[in-house]
Structures are given as structure tokens and as C-alpha cells.
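What follows is the residue order along each chain.
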Amino acid sequence: MSEPIVRGWCPGALRPMASGDGLVVRVRPRFARLTAAQVLGLCALADRYGDGGLELTNRANLQIYGVAEADHAALIEGLAGLGLLDADAAVEGRRNVLISPFWQEDDLTVRLVAALYDALLDLPKLPPKVGFAVDTGEAPMLARDPADFRFERSDAGLILRADGAAKGRVVSEAQAIPALIELAQLFNDTRTPEQRRVRDWVAELPDDWQRATPLPSSPRIQPGEQGAFAAPFGRIEVADLVSLLTHSDAQAIRVTPWRMLLVEGNCPDAHPGLVTDPADPLLTTSACRGAPACPQGTVETRQLARALAPHVPDLHVSGCAKGCARVTSAAVTIVGRDGLYDVVQQGCAWDAPSLSGLTAADLSAHFKGRT
Ligand code: SF4
């Protein structure tokens, strides 16, 4: 078996990544929000140039898969026309900013994100996957989501916290971006080449960056609450999203890092293709694209995951040992290897399996037979 390829960078729109079925084009909506017109325009582009779906990432971005190289320029032109493109690839590559999704117009969160967008090129050149979280709603919501530098609230006010540190430094709004640049520079100046993420380096963090404790995190919203619609495996078919918008009076959607969209405006309680029942077993099931879409996968994944989800709580089906869809342990992880499946109990896709060399029929008999 060949080892999974770890690319170490994220695709963008201007800098797409090659996949098994074409280019992966990542769209990074500013403030994690798209107007209804932008959503409909993006759906039309994904339908015309992609594989007919949009995939939500854990950085609250949207990806179009299956784009032919010959169509990339036309897709880029379409995205630019919708206002969904950065000025250049350098800005795009740095605009890894998670934003607490319930921001209000011109509140602290919006002001900080706007200031951060403006300062992206003032930051030192950081390792490719480094990102930021502006998590300054009433209580943090993004503490479990990927970011290296975090703005949060504490009892003492706004803080900047390095990922992995229990505490951060209190900063005023005016100090926020200069402090971020200072901390990012410190990280760059003192990290080793192997320390590509802040959590790997945080043991080196000086005490004066660790003074104030963030407020306790708020519980994550559930599908069906506050206009939240979950996308099984993070994928939304374009037709379902267009239908949702046309059957609601949504003015916009907000993208979360939790495989969920939030609809702004009145919307139905449920919609085909999307999950609003918090008890739906698909919500505890992860599955990557697998074969044939991903060149590293040798097995089908999502159909199997749908079939097994009602029988296996906390399931992850991975097309290979890279484990893209979930980097944390699952009760059961099914991993593709050379066209067959291995099973890892209480582990990750790269952990040692307890069962090996099974077919989909074997798995079905094994897991459905025990319920
Ligand atoms: S885990 Fe899935 S998506 Fe990731 S490389 Fe392997 S097959 Fe591809």
C-alpha cells in the first residue's frame, strides 16, 4: 500500500489543487457569509463547471470539485463577478479566518475581521495551514475548530490567545492587530522547521502572552436551531441548496466550520438533502469522498457510510489512512486499503486495525448483524 500524500497546504480559487476527478476550487466567503444572489450564482457555477455539489470545509469554506483545467478560467471569472474572489493568490492563501457565525453588523467581531483582512499582507509569511479565529461573540464557539491565533473574550475583555495555551493576552481593539503581528512574528522567529502549527510550538510561549482565561465556550448549535441546516458529510447538492433558497425568504446564508449552514431569514423546518433532526445518525458519521473521486482512495465511502450509520454510532469511513474527513478518534473507523476495508476500534484512520481485508458486504453483515 502506498502512503497517503500529505500536501501541507489548502487549495484556493486562484490556486486550486488537483484531485482524482479534476481541480478542487475553494471559495472563501468574506465574513463567512454569502448573499442569496451569491449562493444562487455559486450554485450555477458549481453545476456548470463542477460535479454538481458544494462541500463545506472545517474552515467554513466551500469547495467545488471536479473542475476541468480548461474550465478554471471561466469559473474564476464567474467567481469574480459574484464578488467571491481575492485580489491575488497571496491574499487568498493567507485569508484563513474563522469567524463566530452569529456576528451582527459592525459589532466587535466584524470590526476585527475587517481589520485582519486589511492586515493580511502585514503579517509575516506563516506556514501554509496557519489560520486565525475571531471568536468574539458573547462566548467562544470555535475553540474546537482549527485556528492558530484566536481572538476571544475574557472577564478582562478582548484577548489574543495562541492555540494550545490555556490563557491569552488582554488587548484593546486598537492593539489587536499589532499584537497579532507581534505574536505571529514571535512564532516565526522561534519555531523549529518541524513546528508548523502554533500548538506544536506553544510550550515556548512566554508568560506575558498567558495572562487571561477565555470565557467558557457556549454549546454548539444543533441542526434545526436558528436556521441551521446540516450537510451530511459536508456535501450539499446544488439542486437542494437552490431549492432551499427558493422555498424560503433567505437573504443570505452563513457558513460554519461544523458542516452546517445558517439561513438568514424565514426558512422551512426541514428540507430534502439537509439534516435538521439533531438525532439523525448521519450527524455522527464522517466520510471522505473516497474512490474514484480521490486518487488516493481505493474504496467507495459515502454510500457505505449511509448504509451503516443507523447501526454504528460514531462512525468514520475513510478512503485511505490519511483520514481527511476526521482527525479525531471515532468509535469505529473503516479504512480503505488496496480495494478492501480495515476496521479500527476507538482510533483514527492511521491506527492499527482490529479487522482487515473486508468487503462492503462483510462490513454490512458484521455491523448490521449486531444491532
Ligand atoms: S482520506 Fe479520503 S479524501 Fe483523504 S486522501 Fe484518503 S481517500 Fe482521499
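Described below are features of the structure shown in this document. Note that the structure is predicted; figures quoted are calculated from it, not measured.

What follows is about the sheet that holds strand β11 (residues 228-230). Here we have four strands laid out as an open sheet, ordered β3-β13-β14-β11, and antiparallel in their pairing. Lying at the two open borders of the sheet, with one neighbouring strand each, are β3 (33-35) and β11. For this sheet, the mean inter-axis angle between neighbouring strands, taken without regard to orientation, is 25°. Taken together, the three bridges between β11 and strand β14 (residues 260-264) define a ladder with antiparallel strand orientation. Bridged to Ala 228 within β14 is Leu 262. Along the sheet face, helix α1 (residues 36-49) touches β3 and β13 (252-255) and points at about 90° away from the line of β3.

If you walk through the whole model with that rule in mind, you get five aromatic pairs. Here the aromatic cluster, defined as three or more aromatic residues joined through ring pairs, consists of Phe 132, Phe 149, Phe 187 and Trp 201. The ring of Trp 209 carries Arg 169 above its face, with NZ or CZ at 3.6 Å from the centroid.

Glancing now at the site of the ligand. Around the ligand, the structure places Cys 288, Cys 294, Gln 296, Gly 297, Ser 318, Gly 319, Cys 320, Lys 322, Gly 323 and Cys 324. Partitioned by chemical class, the residues of the shell around the ligand number four nonpolar, five polar and one charged.

Bringing the pattern of salt bridges into the picture now. Evaluated as defined, the whole model comprises 19 salt bridges. A salt bridge links Asp 86 to Arg 95; the nearest nitrogen and oxygen atoms lie 2.8 Å apart. Neither residue differs from the other here; Asp 86 and Arg 95 are each classed as buried. Note that Asp 208 is salt-bridged to Arg 169, the shortest N-O span being 3.1 Å. Linking Asp 208 in the loop between α6 (198-201) and β11 with Arg 169 in strand β10 (residues 169-170), this pair joins segments that are 39 residues apart in sequence.

Here we come to helix α2 (residues 72-81). Among the residues of α2, His 72, Leu 75, Ile 76, Gly 78 and Leu 79 are the ones counted as buried. The arc enclosing the buried residues of α2, seen along the axis, measures out at 160°, which places them on a common side. Of the exposed residues in α2, the ones pointing more than 90 degrees away from its buried face are Ala 73, Glu 77 and Gly 81. Looking at the buried residues of α2, the elements they touch are β2 (22-27), α1 and β5 (62-67). Positive phi appears at Gly 83, one or two residues downstream of α2, with a value of about 75°.

In this section: unusual backbone geometry. Pro 292 follows Ala 291 through a cis peptide bond whose omega is 0°. With respect to the helices and strands, Pro 292 occurs in the loop between β15 (285-287) and α8 (302-308). Residue Gln 226 is not a glycine yet carries a positive backbone phi of 50°. In this fold, Gln 226 is placed in the loop between α6 and β11. A residue is classified by how much of its surface remains accessible, and Gln 226, at 52% relative accessible area, is exposed. The phi torsion at Arg 259 lies on the positive side, around 60°, for a residue other than glycine. You can see Arg 259 is positioned in the loop between β13 and β14.

Time to look at α1. Because each turn of an α-helix spans 3.6 residues, side chains separated by three or four positions end up pointing in the same direction. The terminal C-alpha atoms of α1 lie 20 Å apart, and with 14 residues this matches the ideal 20 Å at 1.5 Å per residue to within 8%. Along α1, the positions that sit buried rather than exposed are Ala 36, Gln 38, Val 39, Gly 41, Leu 42, Cys 43, Leu 45, Ala 46 and Tyr 49.

Below, the discussion takes up the packing of helix α4 (residues 108-119) against helix α5 (residues 173-190). Two elements in contact, α4 and α5, have axes whose closest approach is 10 Å; the angle formed by their N-to-C orientations is 35°. In this structure, α4 crosses over α5, and the sense of that crossing is right-handed. The segment α4 lies against α5, with Leu 108, Arg 111, Leu 112, Ala 115, Leu 116 and Ala 119 engaging Glu 173, Ala 176, Ile 177 and Leu 180.

This part is about the side chain of Gln 195. With respect to the helices and strands, the residue Gln 195 is situated in the loop between α5 and α6. Judged by relative accessible area, Gln 195 falls into the buried class, the value being 14%. In terms of polar contacts, Gln 195 uses its side chain to reach the backbone carbonyl oxygen of Asp 200, at 3.2 Å. Apart from residues no more than four positions distant in its own chain, Gln 195 is found in contact with Phe 187, Thr 190, Asp 200, Trp 201 and Glu 204.

When you tally the buried positions in β14, you get five out of five residues, the bulk of the element. Neither face of β14 is left uncovered, since the one carrying Met 260, Leu 262 and Glu 264 and the one carrying Leu 261 and Val 263 both have all their residues buried. Bridge analysis of β13 against β14 gives four bridges, and the strand direction is antiparallel. Bridge pairing in β14 places Arg 254 opposite Leu 262. In sequence, β13 turns back onto β14 through a hairpin of four residues, with Arg 259 there showing a positive phi of about 60°.

What counts as what
Residues numbered from 1 in each chain as written. Predicted model: local features only at pLDDT ≥ 70, side-chain atom pairs only at ≥ 80, totals over all residues. Heavy atoms only, no water. Pairing = 2+ DSSP bridges. Helix = DSSP H or I, 4+ residues; strand = E, 2+ residues; numbered from the N terminus. Axes fitted to C-alpha atoms, helices over the stretch in contact; angles between N-to-C directions. Contact = heavy atoms within 4.5 Å. Phe/Tyr/Trp six-rings, centres within 6.5 Å; stacked < 30°, edge-to-face > 60°. Lys NZ or Arg CZ within 6 Å of the ring centre and 35° of its normal. Near = heavy atom within 4 Å. Nonpolar A, V, L, I, M, F, W, Y, C, P; charged D, E, K, R; others polar. Salt bridge = Lys/Arg side-chain N within 4 Å of Asp/Glu carboxyl O. Buried < 20%, exposed > 50% of the residue type's maximum accessible area, 1.4 Å probe, protein only. Arc of directions from axis to C-beta. Expected span 1.5 Å × (residues − 1). Left-handed = near helix turned anticlockwise from the far one by under 90°. Polar contact = N/O pair within 3.5 Å; in protein donor to acceptor, adjacent residues only side chain to side chain.

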